[in-house]
Amino acid sequence: MTSTDASSSRDGVHVPYLALKKNAAGSDEPVLFNLSETKAIGGGIDQEGNRISCALKNNNCWATPQGWVLVRDAASSSTYLLDPQSISNRRRIELPHLPEENLPTVCTCLLSEFPDTTTVQHDTCLVLLIESHAPVIHYCHIDDAKWTKHEYDIGTQDLPDLGNGCCEKLIICSIAACEGKFYFNGGFRELGVLEFCPAPMFSSIAIRDAIPQPPGFQREFLVESQEELYMVSLLSHYDMDIVYRFHVYKMDFSTQEWREVDDIGDRVFMLSSWYFGASLSAQGCGLQPNCVYVPYPWNKCIKIFNIKDGTEKVLNLDEAPESDLASCPGCFWRLARLRATF
């Protein structure tokens, strides 16, 4: 998963890192990898050498694009949001305990907004946890007394390879929180919308003037940046590790159109194949501006796509610990998350 420190401001990132699960040493603690310095920090140790709470395990913590990490500590029957950049100060926001025990290791977690830790009231911030292999979400406002589990229905897709009449329920894949709403499964024809009023309500936006796509497999990632919604499109042939074309689009809600952009200024979009996209300040964290960073932990590298000139380069993470992410169900792009345009 990817995570950033965005607790001081929306793009106020100090140290971006990758949290690599299931390290080869056999420990059940996630291993942090400092992206700016391209070095592993070690299981349970933050960038300043402080010991991270042993409550962090591979199967009970989920990062958010806003930089906070959702932790479910079964031993103490507690659930909270943790700021991983201030472990020594134990900066956390208490939540009602999440009762579900067998949650998937691979889940997507988002906050509807950046929680205001300077005040006691957090009631407007909603925490959303999305299961990766089932149409199920769990949610609560920070000041709620309990979590709510909801099974949703956003349609089905046919599985012709398995025979006539075979289908499966669609699930939420790429998702981003923007201006109090959650937008998901972005594409060139339709964009899903999830609102809480206070119960979850699903709708969609029909995209006007759909952009024709070249042959290949399309992967789309939604990213919120400075209160605007973006979509990163990666186009591959049969090898999903090889991208032969990429584009970045910004949603124009007034016309319901995706408009291609070639400049996002001093920002970096960091994508996580099975979690989310996050926006960072390039200057604030020592990364190359106007680029899209895509981690490939199974190959121990990050691919950097320059939006303005269309170039690509590879940053090898030689010091990254071994990870079995490639063999973990859900850690590769499922066909449900691809758009074939052959």
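Residues numbered from 1 in each chain as written. Predicted model: local features only at pLDDT ≥ 70, side-chain atom pairs only at ≥ 80, totals over all residues. Heavy atoms only, no water.

For the chain, an unreviewed UniProt entry supplies the name KIB1-4 beta-propeller domain-containing protein and the organism Eleusine coracana subsp. coracana.

Caption draft 1: Structural view of the nonpolar core. Core analysis: the largest hydrophobic core is formed by 18 residues, its most contacted members being Val232, Leu234, Val248, Phe269, Leu271 and Val292. Looking at this core, the elements that each hand over two or more residues are strand S19 (217-225), strand S20 (228-236), strand S21 (245-252), strand S23 (267-271), strand S25 (291-296) and strand S26 (301-306). When neighbours within four sequence positions are excluded, Val232 is seen to be in contact with Arg219, Glu220, Phe221, Val223, His247, Val248, Phe269, Leu271 and Val292. By size, the runner-up hydrophobic cluster in this structure holds 17 residues, among which are Leu70, Leu81, Cys109 and Cys125. (Core = buried A, V, L, I, M, F, W, Y, C linked by side-chain atoms within 4.5 Å. Buried < 20%, exposed > 50% of the residue type's maximum accessible area, 1.4 Å probe, protein only. Helix = DSSP H or I, 4+ residues; strand = E, 2+ residues; numbered from the N terminus. Contact = heavy atoms within 4.5 Å.)

Caption draft 2: Molecular detail of unusual backbone geometry. Here the bond from Cys197 into Pro198 is cis, since omega is -10°, no more than 30 degrees from zero. Its location among the elements puts Pro198 in the loop between strand S17 (190-196) and strand S18 (200-206). Despite not being glycine, Glu227 has its phi angle at roughly 65°, a positive value. Examined against the element boundaries, Glu227 turns out to sit in the loop between S19 and S20.

Caption draft 3: View of the sheet that holds strand S9 (residues 107-111). Strand order in the open sheet made by the four strands is S9-S10-S11-S12, with antiparallel pairing throughout. Lying at the two open borders of the sheet, with one neighbouring strand each, are S9 and strand S12 (148-151). Between one strand and the next, the sheet's axes are offset by a mean angle of 20°, whatever the strand orientation. Looking at chain direction, S9 and strand S10 (residues 126-131) are connected through five bridges and run antiparallel. By the bridge assignment for S10, Leu111 is matched with Val127. (Pairing = 2+ DSSP bridges. Axes fitted to C-alpha atoms, helices over the stretch in contact; angles between N-to-C directions.)

Caption draft 4: Region of the structure containing the sheet that holds strand S15 (residues 175-178). Spatially, S15-S16-S17-S18 is the arrangement adopted by the four strands of the open sheet, whose pairing is antiparallel. Both outer strands of the open sheet, S15 and S18, are each paired with one neighbouring strand and no more. Between one strand and the next, the sheet's axes are offset by a mean angle of 25°, whatever the strand orientation. Strand direction decides the pairing type here: S15 and strand S16 (residues 181-184), joined by four bridges, are antiparallel. Along S16, the bridge assignment pairs Ala177 with Phe182.

Caption draft 5: Structural detail: the side chain of Ser279. Checked against the element boundaries, Ser279 lands in strand S24 (residues 277-281). Classification of Ser279 by relative accessible area gives buried; the value is 9%. For Ser279, the side chain forms a polar contact with the side chain of Ser225, separated by 2.8 Å. (Polar contact = N/O pair within 3.5 Å; in protein donor to acceptor, adjacent residues only side chain to side chain.)

Caption draft 6: A look at the packing of aromatic side chains. Counted according to the given criterion, the structure contains eight aromatic pairs. Taken together, the ring pairs connect Tyr139, Phe182 and Phe196 into an aromatic cluster. Its end group placed over the ring of Tyr80, Arg92 keeps NZ or CZ at 3.8 Å from the ring centre. Across from the ring centre of Tyr296, 5.0 Å away, lies the NZ or CZ of Lys303, which sits over that ring. (Phe/Tyr/Trp six-rings, centres within 6.5 Å; stacked < 30°, edge-to-face > 60°. Lys NZ or Arg CZ within 6 Å of the ring centre and 35° of its normal.)

Caption draft 7: View of the pattern of salt bridges. Scanning all chains against the criterion turns up eight salt bridges. Glu100 serves as the salt-bridge partner of Lys149, at 3.8 Å between the closest nitrogen and oxygen. In this pair, Lys149 is assigned in strand S12 and Glu100 in the loop between strand S8 (92-95) and S9, connecting sequence segments 49 residues apart. Judged by its relative accessible area of 26%, Glu100 falls in the partly exposed class. Taken together, the shared-partner salt bridges in this structure form one network comprising Asp252, Glu257 and Arg259. (Salt bridge = Lys/Arg side-chain N within 4 Å of Asp/Glu carboxyl O.)

Caption draft 8: Representation of the environment of Gln256 in the model. When you line up the elements, Gln256 lands in the loop between S21 and strand S22 (257-261). Relative accessible area serves as the criterion here: at 26%, Gln256 is assigned to the partly exposed category. Each C-alpha atom of the pair Gln256 and Leu191 lies 9.5 Å from the other, and the pair is 65 residues apart in sequence. With residues near it in sequence (within four places) discarded, Gln256 still touches Ile205, Ala206, Ile207, Arg208 and Met251. A polar side-chain atom of Gln256 sits 2.8 Å from the main-chain carbonyl oxygen of Ala206.

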